[in-house]
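Tertiary structure, described
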Amino acid sequence: MFLCFLIGCTFTYLATVISSALKASTVLEDAMLTYALLMMSAYEVSLNQLEQIIVAGKIGHAKAEVLRRTNEQEFEKFANTKIKEVLKLIPPSHTNIIRYKNFSEMKLYITKQYRSRYAKSK
């Protein structure tokens, strides 16, 4: 009788741990997708502001290209720093859930996620 109770408790515990781990991984993946979307939104705002400055300042083509390249490099450096900070907070056992480690990988991740969620089949 005690053995049946012990087996039942062990089975219930294992089922709870496994279901919690699955739910936690889903929540973490959704959180990282949200974070990636926010970073990409900030990137788009940065590009938009730069283009407004270029147009308002009537900046020449060559100078505008230098500004665009510098803006992209600086934002990528900023984003990589922020991504590293977030990755430090994630336990090592969950790092396999994270699909990107830097800004370039994040852009690809966003594109793949958007296509898989919103692409219409023909």
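Notes on the structure in this doc start here. (Residues numbered from 1 in each chain as written. Predicted model: local features only at pLDDT ≥ 70, side-chain atom pairs only at ≥ 80, totals over all residues. Heavy atoms only, no water.)

All right, on to the overall build of the protein then. Looking only at helices and strands, the protein features 3 helices and 0 strands. In the protein, the succession of helices and strands from N to C terminus is α-α-α. Over its C-alpha trace the protein gives a radius of gyration of 22 Å, far above what one expects of a compact globule, namely 14 Å for 122 residues. With the principal axes as the frame, the protein shows a C-alpha extent of 85 × 40 × 20 Å. Here the protein, with 122 residues, has 22% of them falling under the buried criterion. In the protein, the share of contacts with a sequence separation of at least 24, taken over all contacts with a separation of at least 6, comes to 65%. When the 17 positive and 10 negative side-chain charges of the protein are each reduced to one mean point, those points stand 3 Å apart. (Helix = DSSP H or I, 4+ residues; strand = E, 2+ residues; numbered from the N terminus. Rg over C-alpha atoms; globule rule 2.2 N^0.38 Å. Buried < 20%, exposed > 50% of the residue type's maximum accessible area, 1.4 Å probe, protein only. Contact = heavy atoms within 4.5 Å. Lys, Arg positive; Asp, Glu negative; His and termini not counted. Charge placed at Lys NZ, Arg CZ, Asp CG, Glu CD.)

It is worth spelling out the nonpolar core at this point. Counting 19 residues, the largest nonpolar core has M32, Y100, F103 and M106 as its most contacted members. Elements represented by at least two residues in this core include exactly α1 (2-56), α2 (61-89) and α3 (103-118). Looking at this core element by element, the count peaks at 7 residues for α1. Here Y100 is in contact with M32, Y35, A36, I83, L87, E105, M106 and Y109, once residues within four sequence places are set aside. (Core = buried A, V, L, I, M, F, W, Y, C linked by side-chain atoms within 4.5 Å.)

Everything listed here is a matter of geometry and, on its own, says nothing about what the molecule does.
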